[in-house]
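Spelled out from the first residue to the last, the chains are:
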There are 2 protein chains.
Amino acid sequence: MPSSVVRIGLLGCGVVGQGFLRLLRERERLIRDSVGATLRVTRVAVRDPAKHRECDLTGIRVATDPLAVANAEDVDLLIELIGGESMLEPVRAALQRGISVVTANKHLLAVHGGELERLAADSKSTIRSEASAGGGIPVLQALEHGLRTEHFQFLVAILNGTTNYILSTMERDGRDFAEALQAAQSLGFAESDPTLDLSGADTAQKLAILVRRAFRMDVAYGSIPTEGIIGMELEDLRQADRFGYTVKLLGIALLNSEGLDLRVHPAFIPKRYLLAAVRDEFNGIYLRGEATGSMLFYGKGAGALPTAQAVLGDVIVAAREFVAGVRFLGAAEKHEPERRLPLDAVRTKYYLRLIVEDRPGVLAQVAACLGGTNVSVAQMFQAEGIRGEASITILTHEARDRDVREAVKGIAKLPAVRKTPRAVRIFDI
Amino acid sequence: MPSSVVRIGLLGCGVVGQGFLRLLRERERLIRDSVGATLRVTRVAVRDPAKHRECDLTGIRVATDPLAVANAEDVDLLIELIGGESMLEPVRAALQRGISVVTANKHLLAVHGGELERLAADSKSTIRSEASAGGGIPVLQALEHGLRTEHFQFLVAILNGTTNYILSTMERDGRDFAEALQAAQSLGFAESDPTLDLSGADTAQKLAILVRRAFRMDVAYGSIPTEGIIGMELEDLRQADRFGYTVKLLGIALLNSEGLDLRVHPAFIPKRYLLAAVRDEFNGIYLRGEATGSMLFYGKGAGALPTAQAVLGDVIVAAREFVAGVRFLGAAEKHEPERRLPLDAVRTKYYLRLIVEDRPGVLAQVAACLGGTNVSVAQMFQAEGIRGEASITILTHEARDRDVREAVKGIAKLPAVRKTPRAVRIFDI
């Protein structure tokens, strides 16, 4: 069908939207060959139509109302690049009338993904969001196509480029947290308000999206225990290095007979792990499947062109389904009931670092707190500090997460302990 | 269409075939949900039907003639797991009558891939071969789907698990080549005749398959300059380590304005490269795309279940196209004309190691050979050996590949040179 056309409605024309339009133009012939039709953007919704843009919108109807674009008769496929909760209504509207959606909106997928996928299945449309998790890395499509029927036990991922850049910079250049954050901001890797990144919330959203596809389980991202990297000190990274570890902010999903262990937190990981070599603004998704064994997908988790390319990849798959009048995603897929292993019951090793008064008996008090909740010590080091302080570094054996946190609470209350103890999980299973 | 059935003809029932049948049985519901139909193996062709197999062939017609299965009326989809040139006829037969093929046959794709893809396009069938390159890693599907329209400049890959295991074992355990090969054989990572692996031919075949998809160029794998790892000595790996490198057998495809630089050879790569962390029997495919930037796909390149899972991944995509009566692969895709940069003209750095007589003037002779073909030395080390021998290690600056090889030929002829010089390219662009 060389003469047919797929009409696209585009919500948002920021850097990703402009990148998408550029790819659409530069790869016109390849896209037409792959889809069997021409992709034509017929409508764009932007906040300010008068704003100067680096792209040619000739022949495209520019409006300000996303919902009107989602409902327009001359739109066969909706691309949503505005982001945020306000896009729920237009995306719903498109799906309800059987128009497939491609979006980069991680919030929408993390919070409403289950509902939107059911809506799409009911109306014979699809919703795809490669760009929403892992950016330019084609991991969601791998899970949609070749790995569709694989059983995964294990997904551990670095999903946030900002925090990974900060941790890599601290480690490599010996900079402290604030300096590394500034460097990330000046390079455009971090927003002026980086809370979503630093708090781990961004990672938790992306983890929920990946888990829905890989484990066929619908999890609310708000229910994922989440810790960010705020408070991480250069000294923690130095201690990690000393013990053969590197520090990464991980999204973790481990499935075993007790349930799905889901969490987001910084962790010490062994330097020999492939994920340890995922540095700077890059993302890495490590999967272990029953049949395939270990796999890693690595690439850029953000950036205008990698994101635009991920959007284009989804658009091509959605457009050729549109042209052929079929849809494959979510055909009749059932989601597993959610079975979760609570964080309290997770067994993990910990790294602890304490600043204490340098006087006899303190170590015994610390040891008593740990022993009191059945946390056993694998290694302990004490170093003399300045101003009559000593620093104690402890690596624990595997213990129940709750027990370690209880012990740390007890330690924090000891009169000899000068600062809030640092506690970071060790992930080396 | 919950009641429809896709009838599969299976050629070969060795470990991969048995793994495939096991996955088909264990994941029946998931597969049905994904495809919208039941997959049923109706016919199997095996060399010896009487042979005991670890799988249930009840209800399947077992025969010895692959061509008969390919032509059978009750076969909707052909899976070819026998391998080798003799499968050309049955695969052709299936494609010609519009039956799509899934194969793990790297020889067939590397030698006849272009012809078979054209045949498939003409008859509205498809040929997919995820398992033929990178084993369980879903890289060909990524290139088929999300990355379909990306422009790649750069593909560098570790595609042979046997040689990677040997090099990793030599490096980690300080074993020599013969010991490491034996270890690989005893673990089942190497065939009793490992020539195809060690010579680099296996890597060249897989590279040709990947290049066809990533660069849309049809290259004959026999035309790829190929060197294997035979002759690699433990001392070369020690020297690599000393200079901050690790040794890998690489398949390389670099596209620039002069053409496509295609080659297979062992190389020193910087330890900081992600490919340096691809160890043991694992494979890694590093791609750099115009929009996506750097990407790595990592996983198992061989093994019964990873391969069976890759086959199943292709089968699911092919089966749902069959059910829907569409086909997306190769829709109207045009291949680029082949533009190649000959190896002679490639510019690269080299590592050289010479065993020479320990007497004055030898170094000057060596330097003269290098200077004679315009190869300039970046670093040179001489160490005293035993029996009046000295060892000279040289790292060159970037030079034309032909010029370095000419210089090495000259060096080999010097009366003071005791052994054939070792020469390994350095890949750090």
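Residues numbered from 1 in each chain as written. Chains lettered and ligands numbered in written order. Predicted model: local features only at pLDDT ≥ 70, side-chain atom pairs only at ≥ 80, totals over all residues.

## Focus: the overall build of chain A
Item 1. The number of helices and strands found in chain A is 14 helices and 16 strands.
Item 2. Over its C-alpha atoms chain A spans a radius of gyration of 24 Å, differing by no more than 12% from the 22 Å that the globule rule assigns to 429 residues.
Item 3. Principal axes of the C-alpha set define a box for chain A whose edges measure 85 × 45 × 35 Å.
Item 4. Within the span of chain A, comprising 429 residues, buried residues form 54% of the whole.
Item 5. Long-range pairs, those at least 24 residues apart, make up 72% of the contacts in chain A with a sequence separation of at least 6. (Helix = DSSP H or I, 4+ residues; strand = E, 2+ residues; numbered from the N terminus. Rg over C-alpha atoms; globule rule 2.2 N^0.38 Å. Buried ≥ 20, exposed ≤ 12 C-beta atoms within 10 Å, placed from the backbone. Contact = placed C-beta atoms within 7 Å.)

## Topic: the domain arrangement of chain A
Item 1. Each domain of chain A was delimited in the assignment, giving domain 1 (5-135 + 303-324), domain 2 (152-300) and domain 3 (346-426).
Item 2. Summarising the inter-unit geometry, the C-alpha centres of domain 1 of chain A and domain 3 of chain A are found 51 Å apart. (Domains from an automatic or database assignment.)

## Description of the UniProt feature "binding site: NADPH" (unreviewed entry) in chain A
Item 1. Here the UniProt-annotated "binding site: NADPH" (unreviewed entry) positions come out as Lys106(A).
Item 2. One can find Lys106(A) in helix α5 (residues 106-123). (UniProt positions renumbered as here; feature names shortened; annotations may be inferred.)

## As for the UniProt feature "active site" (unreviewed entry) in chain A
Residue and element names in this part refer to chain A.
Item 1. Feature annotation in UniProt assigns "active site" (unreviewed entry) to the following positions: Lys206.
Item 2. Looking at where Lys206 falls in the secondary structure, it is placed in helix α10 (residues 201-214).
Item 3. Since 26 C-beta atoms lie within 10 Å of it, Lys206 is described here as buried.
Item 4. Sequence-distant contacts of Lys206, that is, excluding residues within four places in its chain, are made with Lys106, Ala133, Gly134, Leu159 and Gly251.

## A word on the environment of Gln141(A)
Item 1. Along the chain, Gln141(A) turns up in helix α6 (residues 139-144).
Item 2. For Gln141(A) and Asp314(A), which are 173 residues apart along the polypeptide, the C-alpha to C-alpha distance reads 8.0 Å.
Item 3. Once residues within four sequence positions are removed from consideration, Gln141(A) is found in contact with Glu130(A), Gly313(A), Ala142(B), His145(B) and Gly146(B).

## Let's talk about the packing of helix α7 (residues 161-173) of chain B against helix α8 (residues 177-186) of chain B
All names here are of chain B.
Item 1. With their axes 9 Å apart at the nearest point, α7 and α8 run at an angle of 130° to one another. Comparing their axes, α8 and α7 come out oblique. Relative to α8, the crossing made by α7 is right-handed. On α8, the residues touching Thr162, Tyr165, Ile166, Thr169 and Met170 of α7 are Phe177, Ala180, Leu181, Ala183 and Ala184.
Item 2. Taken together, the residues of the contact of α7 with α8 break down into eight nonpolar, two polar and no charged. (Axes fitted to C-alpha atoms, helices over the stretch in contact; angles between N-to-C directions. Parallel < 35°, antiparallel > 145°, perpendicular 65-115°, else oblique. Left-handed = near helix turned anticlockwise from the far one by under 90°. Nonpolar A, V, L, I, M, F, W, Y, C, P; charged D, E, K, R; others polar.)

## Looking at the packing of helix α2 (residues 28-35) of chain B against helix α12 (residues 304-324) of chain B
Residues and elements named next belong to chain B.
Item 1. Running from amino to carboxyl end, α2 crosses α12 at an angle of 45°, the nearest separation of the two axes being 9 Å. The angle between the axes of α2 and α12 places the two elements in the oblique class. Counting all contacts with α2, which are made through Ile31, Ser34 and Val35, the residues of α12 involved are Ile316, Ala319, Arg320 and Val323.
Item 2. Among the residues forming the contact of α2 with α12, the class breakdown is five nonpolar, one polar and one charged.

## Here we look at the pairing of strand β13 (residues 377-384) of chain B
Residue and element names in this part refer to chain B.
Item 1. By the criterion of burial, β13 is predominantly exposed, with just zero of the eight residues buried.
Item 2. Pairing geometry for β13 and strand β14 (residues 389-396), over seven bridges, is antiparallel. Residue pairing for β14: Met380 is matched across the bridge by Ile394.
Item 3. Between the end of β13 and the start of β14, which pair antiparallel, lie four residues, with Arg387 showing a positive phi angle near 55°. (Pairing = 2+ DSSP bridges.)

## Observations concerning the relation of the copies chain A and chain B
Item 1. When chain A is brought onto chain B, the operation consists of a screw motion whose angular component is 180° and whose axial shift is 0.0 Å, with 0.0 Å RMSD remaining. Taken together, the turn and the small shift mark the pair as related by a two-fold rotation axis. Residue Phe297(A), judged by its C-alpha, is the member of chain A lying nearest the rotation axis, at 2.5 Å.
Item 2. By residue overlap, the copies meet face to face through one surface: 100% of the interface positions of chain A are interface positions in chain B. (Least-squares fit on C-alpha atoms with pLDDT ≥ 70 in both.)

## Some remarks on the sheet that holds strand β1 (residues 5-11) of chain A
Residue and element names in this part refer to chain A.
Item 1. Judged by pairing direction, the sheet is parallel, and its six strands sit side by side in the order β3-β2-β1-β4-β5-β6 without closing on themselves. Since the sheet does not close on itself, it has two edges, and those belong to β3 (61-63) and β6 (127-128), each with one partner.
Item 2. Where β1 and strand β4 (residues 77-80) come together, four bridges link them in parallel fashion. Across the sheet, residue Leu11 finds its bridge partner in β4, namely Glu80.

## Quick word on α7(B)
In an α-helix, one full turn covers 3.6 residues, which means residues spaced three or four apart are oriented alike.
Residues and elements named next belong to chain B.
Item 1. With 13 residues, α7 extends 17 Å between its outermost C-alpha atoms, agreeing within 8% with the 18 Å of an ideal straight helix rising 1.5 Å per residue.
Item 2. Taken across its 13 residues, α7 has 10 buried, putting it largely inside the fold.
Item 3. Along its buried surface, α7 packs onto β7 (152-158), α8, α9 (195-198), α11 (234-242), β8 (245-256) and β10 (282-289).
Item 4. The positive-phi residue at the C-terminal boundary of α7 is Gly174, with phi of around 65°. (Expected span 1.5 Å × (residues − 1).)

## A closer look at the sheet that holds strand β5 (residues 100-103) of chain B
Residues and elements named next belong to chain B.
Item 1. The six strands are arranged β3-β2-β1-β4-β5-β6 in an open sheet whose pairing can be described as parallel. In this open sheet, the two strands that pair with only one neighbour each are β3 (61-63) and β6 (127-128).
Item 2. Summarising the sheet, β5 and β6 pair through two bridges and their orientation is parallel. Note that in β6 the partner of Val102 across the bridge is Arg128.

## What about the nonpolar core?
Item 1. Counting residues in each nonpolar core, the largest one holds 282 residues, and the members touching the most others are Leu77(A), Leu207(A), Val211(A), Val311(A), Leu207(B), Val211(B) and Val311(B).
Item 2. In this view, Leu77(A) contacts Val6(A), Ile8(A), Ile99(A), Ser100(A), Val315(A), Ala318(A), Ala319(A) and Phe322(A); residues no more than four positions away in its chain are not counted. (Core = buried A, V, L, I, M, F, W, Y, C linked by C-beta atoms within 7 Å.)

## Quick notes on the pairing of strand β2 (residues 38-45) of chain B
Residue and element names in this part refer to chain B.
Item 1. Sheet topology places strand β1 (residues 5-11) next to β2; seven bridges connect them, and they run parallel. Directly across from Ile8, in β2, lies its bridge partner Val41.
Item 2. Sheet topology note: the β2/β3 ladder contains three bridges and is parallel. Bridging across to β3, Val44 finds its partner in Val62.

## Concerning the interface of chain A and chain B
Item 1. Chain A puts 48 residues into the contact, and the matching count from chain B is 49 residues.
Item 2. At 11 residues, helix α12 (residues 304-324) of chain A tops the list of elements feeding residues into the side of chain A that touches chain B.
Item 3. Considered class by class, the residues forming the side of chain A that touches chain B number 26 nonpolar, 13 polar and nine charged.
Item 4. Here strand β11 (residues 293-300) of chain A pairs with strand β11 (residues 293-300) of chain B via five bridges, running antiparallel. Bridge pairing in β11(B) links Met295(A) to Gly299(B).

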